[in-house]
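# Analysis of the macromolecular model
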Amino acid sequence: MQKTQAFAILAPVPEMHLISGLEAIAAQLDSDDLPADHLPKVAFGTMAFELFAEVEILRAGKAIKVLIYASHAKGEQPLNPEATWRGLYVGYVGSRRGRYPGKSIYRPKSTITDSPTWAGFWEVQELERLKTAIPIGNLRGKNKKTNYQARFIPEGPVLIEFP
């Protein structure tokens, strides 16, 4: 899949779902039910269906870099929030009565207790923790003239200039 550098996505995801997402990827790699050339992915729930509808138009079928802010993280958080994970956005699917319509193997096990209230799910490949965190204050919203404030914490997914 081709990648675009026209823009990127910055999204908050609870840290427990990111860690559980890595386990979902490992389970896919170990699965005999998936084709050998299958690229593992993780699906995260969202209510931001309007933003992802825009993303689907703008990306024109290309993959998009995602920087992830690990929300609800255990331990002490830095004064200035950082993106500590990354992934490659590969698609969006609407929910079926609030639940993921695809195979459950793509959902982090930690989401099993989620209420079925999601508008849709954004799918990510190549999920991994960054070796070096990226301060959110170094990032800029798409088509904005200035970077985010040093202490900006994303409440939902936002489009950003490609970092």
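See the structure printed just above.
Below is a short write-up of the structure. (Residues numbered from 1 in each chain as written. Predicted model: local features only at pLDDT ≥ 70, side-chain atom pairs only at ≥ 80, totals over all residues. Heavy atoms only, no water.)

### Things to note about the overall build of the protein chain
Across its full length, the protein chain carries two helices and six strands. In the protein chain, the order of α-helices and β-strands from amino to carboxyl end is β-α-β-α-β-β-β-β. Taking the principal axes of its C-alpha atoms as reference, the protein chain extends roughly 45 × 40 × 30 Å. Expressed as a percentage of its 163 residues, the buried residues of the protein chain come to 44%. Contacts spanning at least 24 positions in sequence make up 76% of the contacts within the protein chain whose residues lie at least 6 apart. Positive and negative side-chain charges of the protein chain, numbering 20 and 17 respectively, have mean locations separated by a distance of 5 Å. (Helix = DSSP H or I, 4+ residues; strand = E, 2+ residues; numbered from the N terminus. Buried < 20%, exposed > 50% of the residue type's maximum accessible area, 1.4 Å probe, protein only. Contact = heavy atoms within 4.5 Å. Lys, Arg positive; Asp, Glu negative; His and termini not counted. Charge placed at Lys NZ, Arg CZ, Asp CG, Glu CD.)

### Remarks on the packing of aromatic side chains
For the coordinates displayed, the defined rule picks out six aromatic pairs. Taking the centre distance of 5.5 Å and the plane angle of 10° together, the rings of Phe52 and Tyr92 count as stacked. Here Tyr92 lies in strand β4 (residues 82–94) and Phe52 lies in helix α2 (residues 49–59), a separation of 40 residues in the sequence. Seen from their ring centres, Phe52 and Trp122 are 5.8 Å apart, and the 15° between their planes marks the pair as stacked. Taken together, the residues span a long stretch of sequence, with Phe52 in helix α2 and Trp122 in strand β5 (residues 120–135) at a distance of 70 residues. (Phe/Tyr/Trp six-rings, centres within 6.5 Å; stacked < 30°, edge-to-face > 60°.)

### Some words on the nonpolar core
Residues Ile9, Val55 and Trp122 are the most contacted members of the largest nonpolar core, which totals 22 residues. Elements with a contribution of two residues or more to this core: β1 (3–14), α1 (15–30), β2 (42–46), α2, β3 (63–71), β4 and β5. Once you skip the residues sitting within four places of it in the chain, Val55 turns out to touch Phe7, Ile9, Ile64, Tyr89 and Leu159. Counting residues in hydrophobic clusters, the runner-up holds 10 residues, among them Ala8, Leu67, Leu130 and Ile136. (Core = buried A, V, L, I, M, F, W, Y, C linked by side-chain atoms within 4.5 Å.)

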